[in-house]
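One letter stands for each residue in the lines below.
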Amino acid sequence: MSGRGRAGRLAARLSDRDLAILRDLRTLRLMTGGQIFRQHFPDGQPETQARKARAALTRFHRLGLVVRLRRRIGGVRAGSQGYVYGLTGLGLAVLDVGNPAPQRHRRVTETKPAFADHALAVSELRVQLTEFGRQHLDAQIGFAAEPQCWRTFSGPGGVPVTLKPDAFVQIERDGYELTSFVEVDMATESLPTIRRKLDVYVAYWRSGLEQARHEVFPRTWWTVPTPARQAAIASVIRRLPAEAHDLFTVCLADEAVIRLTEIPNDEGGAQ
């Protein structure tokens with residue numbers, strides 16, 4: 001059986017929720033079983049839904065659609081929800097069924113801890129925003145991960161430059177549209193590297209491309225793990241030209257969803 005034929009047969013056996021899970025793994029690259037449970041099994045008794053999530057992930061693994069990375073979350077007794085999951089080449093091919101120009105498919109393999117930690121932190125932000133949306137039915141939430149959220153523009157001499165945020169978040173709530181670029185910082189990059197990233201954001205802002213397309217330039221949020229890191233990045237922002245200071249905000253990762261969804265007050269700041 002050809003790879004494409006096998007992918008087509010498997011795709012026909014999958015439910016809408018199955019395909020949604022695989023699409024999230026394609027978008028986010030890595031998710032824990034617990035994150036998949038929270039994102040895709042919200043209704044009903046938690047114990048029953050957790051059992052359904054474990055069964056789905058076990059089935060995906062048996063069919064060769066996902067790979068379980070060796071790194072475990074929550075200890076050896078955490079079960080399927082304790083694994084980190086990524087798509088295999090076959091999983092990607094299943095999502096590509098019907099595409100007239102199928103792409104080359106590469107499976108997720110073992111990753112460096114720093115990459116996995118960062119990918120899972122982005123996934124956690126996505127899941128928390130989904131949970132916020134379920135609690136606030138008046139809010140509509142859009143989320144784009146990399147590379148879909150990247151922006152390319154012309155730098156000095158017309159050389160293409162790509163701005164590479166970790167995510168782009170759009171919140172529609174109470175008559176407001178809140179747009180944000182998000183940098184999920186794990187305190188692994190040097191401050192000179194942070195400064196270079198800030199300079200790319202400033203250059204993109206000055207290009208005017210985002211404002212021409214969307215009438216506004218998104219606030220850029222740096223989410224960080226500790227107050228010390230928050231202070232360090234804030235100090236780098238203060239060394240930017242004064243007119244660029246308001247483009248950036250630094251917050252603790254634990255507060256990210258609250259801050260990203262805050263409604264401005266009458267003075268233009270957050271309530």
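Residues numbered from 1 in each chain as written. Predicted model: local features only at pLDDT ≥ 70, side-chain atom pairs only at ≥ 80, totals over all residues. Heavy atoms only, no water.

What exactly am I supposed to notice about the packing of helix H2 (residues 16-28) against helix H3 (residues 33-40) here?
Packed helices, taken two at a time, are described by the angle their axes make and the gap between the axes. In contact at an axis separation of 11 Å, H2 and H3 are set at 130° when each is read in the N-to-C sense. Between H2 and H3, the angle is such that the two are oblique. The chirality of how H2 crosses H3 is right-handed. Contact with H2, carried on its side by Arg-17, Ala-20, Ile-21, Asp-24 and Leu-25, involves Ile-36, Gln-39 and His-40 of H3 and no other residues of that element. Looking at the contact of H2 with H3, its residues break down into 4 nonpolar, 2 polar and 2 charged. (Axes fitted to C-alpha atoms, helices over the stretch in contact; angles between N-to-C directions. Helix = DSSP H or I, 4+ residues; strand = E, 2+ residues; numbered from the N terminus. Parallel < 35°, antiparallel > 145°, perpendicular 65-115°, else oblique. Left-handed = near helix turned anticlockwise from the far one by under 90°. Contact = heavy atoms within 4.5 Å. Nonpolar A, V, L, I, M, F, W, Y, C, P; charged D, E, K, R; others polar.)

Can you help me understand the nonpolar core in this one?
The nonpolar side chains of a soluble globular protein tend to be buried, and buried together. Residues Leu-22, Leu-65, Val-94 and Phe-143 are the most contacted members of the largest nonpolar core, which totals 49 residues. Counting residues per element, this core draws most heavily on helix H4 (residues 46-63), at 6 residues. With residues near it in sequence (within four places) discarded, Val-94 still touches Ala-7, Leu-10, Ala-11, Leu-14, Leu-19, Leu-22 and Leu-65. Residues Cys-149, Phe-181, Ala-244 and Leu-247 belong to the second largest nonpolar core, which totals 22 residues. (Core = buried A, V, L, I, M, F, W, Y, C linked by side-chain atoms within 4.5 Å. Buried < 20%, exposed > 50% of the residue type's maximum accessible area, 1.4 Å probe, protein only.)

Help me out: how do you make sense of the side chain of Gln-39 in this one?
Secondary-structure assignment places Gln-39 in helix H3. Contacts of Gln-39, omitting those with residues within four sequence positions, involve Asp-24, Met-31, Arg-126, Val-127, Thr-130 and Arg-134.

Would you explain the pattern of salt bridges in this entry?
Side chains that differ in sign of charge can pair as their charged atoms come close. As enumerated under the stated definition, the model contains 12 salt bridges in all. Residues Glu-146 and Arg-29 are paired through a salt bridge, measuring 3.0 Å at the closest nitrogen-oxygen approach. Remark: Arg-29 occurs in the loop between H2 and strand S1 (31-32) and Glu-146 occurs in the loop between strand S4 (140-145) and strand S5 (151-154); sequence separation between them is 117 residues. Exposure remark for Glu-146: the relative accessible area of 17% places this residue in the buried category. Across the salt bridge formed by Arg-151 and Glu-210, the nearest N and O atoms sit 2.9 Å from each other. Here Arg-151 is found in strand S5, whereas its partner Glu-210 is found in helix H8 (residues 209-214), with 59 residues between them in sequence. This pair shows no difference in class: Arg-151 is buried, exactly as Glu-210 is. Beyond isolated ion pairs, a larger network of salt bridges with shared partners links Arg-38, Glu-124 and Glu-131. (Salt bridge = Lys/Arg side-chain N within 4 Å of Asp/Glu carboxyl O.)

Hey, could you run me through the packing of aromatic side chains in this one?
Each aromatic ring pair is described using two quantities: the centre-to-centre distance and the angle formed by the ring planes. The tally for this structure, following the rule as stated, stands at 9 aromatic pairs. Aromatic pair Phe-153 and Tyr-204: ring centres 5.2 Å apart, planes at 45°, arrangement tilted. Of the two residues, Phe-153 sits in strand S5 while Tyr-204 sits in helix H7 (residues 191-207), which places them 51 residues apart along the sequence. Since its relative accessible area comes to 5%, Phe-153 is described here as buried. Taken together, Phe-153, Phe-168, Phe-181, Tyr-201, Tyr-204, Phe-217, Trp-222 and Phe-248 form an aromatic cluster joined through their ring pairs. (Phe/Tyr/Trp six-rings, centres within 6.5 Å; stacked < 30°, edge-to-face > 60°.)

So what exactly am I meant to see when it comes to the packing of H2 against H4 here?
It is at 12 Å that the axes of H2 and H4 come closest, and there the two elements cross at 70°. By the angle class used here, H2 and H4 are roughly perpendicular. The element H2 and its partner H4 pack so that their crossing is right-handed. When H2 is examined against H4, the residues Arg-17, Asp-18, Ile-21 and Leu-22 are found in contact with a partner set consisting of Gln-49, Lys-52, Arg-59 and Phe-60. Classifying every residue of the contact of H2 with H4 gives 3 nonpolar, 1 polar and 4 charged.

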